[in-house]
Amino acid sequence: KEGDEVCLNYGHRKPEEFLLYYGFVPTNCGQGGKDTIYLPKQDQSISWIDDTTTITEDIKLICFRMLSSYSTTLKQDKEELLNYDDKNFNAYRVALDYRCAKKALLERVVAR
């Protein structure tokens, strides 16, 4: 009714889908935001926050493969982010920032 708060249900989506379709990643995203990566085959997630997760060689290999699937390195993405100055296309900057955070977490797991 008029004057009531309007609430939207975006449904259950991966962080990448939220970013692609809506331009943001909610902090309570079901499979984590840019601070968490869900590994469906292991039914496990890895996170900056949770250092108690046992990082097996299988998980390291999965993370390595995920990193290898990108066409750019974290260093290249960070340089692009620093040099990007188009104020009119903020969605690209948000997506690049998200990708940098995801790659940094993957690199951290691979290095453990």
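Here's what I pulled together on the structure shown here. All of these numbers come straight from a predicted model, not from anything done at the bench.

Cut-offs used in this document
Residues numbered from 1 in each chain as written. Predicted model: local features only at pLDDT ≥ 70, side-chain atom pairs only at ≥ 80, totals over all residues. Heavy atoms only, no water. Helix = DSSP H or I, 4+ residues; strand = E, 2+ residues; numbered from the N terminus. Buried < 20%, exposed > 50% of the residue type's maximum accessible area, 1.4 Å probe, protein only. Contact = heavy atoms within 4.5 Å. Areas by Shrake-Rupley, 256 points an atom, 1.4 Å probe, with all protein chains shown as cover. Expected span 1.5 Å × (residues − 1). Axes fitted to C-alpha atoms, helices over the stretch in contact; angles between N-to-C directions. Parallel < 35°, antiparallel > 145°, perpendicular 65-115°, else oblique. Left-handed = near helix turned anticlockwise from the far one by under 90°. Nonpolar A, V, L, I, M, F, W, Y, C, P; charged D, E, K, R; others polar. Salt bridge = Lys/Arg side-chain N within 4 Å of Asp/Glu carboxyl O.

**What to know about the overall build of the chain**
Thinking step 1. A count of helices and strands for the chain gives 4 helices and 2 strands.
Thinking step 2. Its helices and strands taken in sequence order, the chain reads α-β-β-α-α-α from the N to the C terminus.
Thinking step 3. Considering the chain as a whole, with its 112 residues, one finds that 28% of them fall into the buried category.
Thinking step 4. Long-range contacts, defined as pairs at least 24 residues apart, comprise 49% of the intrachain contacts of the chain with a sequence gap of at least 6.
Thinking step 5. Entry remark: accessible area of the chain is about 8,100 Å², with carbon and sulfur atoms responsible for 51%.

**A word on helix H4 (residues 90-111)**
Thinking step 1. If you check H4, its first and last C-alpha atoms are 32 Å apart, about what 22 residues at 1.5 Å a residue would give, namely 32 Å.
Thinking step 2. Listing the buried residues of H4 in full gives Leu96, Tyr98, Cys100, Ala101, Lys102, Lys103, Leu105, Leu106 and Val109.

**Considerations on the packing of helix H3 (residues 74-83) against H4**
Any two packed helices are characterised by the angle at which their axes cross and by the distance between the axes.
Thinking step 1. Packing of H3 against H4 brings their axes to within 9 Å, and their N-to-C directions diverge by 150 degrees. One finds that H3 runs roughly antiparallel with respect to H4. Crossing angle aside, the handedness with which H3 passes H4 is left-handed. In contact with Leu74, Asp77, Lys78, Glu80 and Leu81 of H3, H4 contributes Tyr92, Arg93, Leu96, Asp97, Arg99, Cys100, Lys103, Ala104 and Glu107.
Thinking step 2. In terms of residue class, the contact of H3 with H4 is made up of 6 nonpolar, no polar and 8 charged.

**Section: the pattern of salt bridges**
Thinking step 1. Across all of its chains, the model carries 3 salt bridges by this definition.
Thinking step 2. A single network of salt bridges, built from pairs that share partners, joins Asp77, Arg99 and Lys103.

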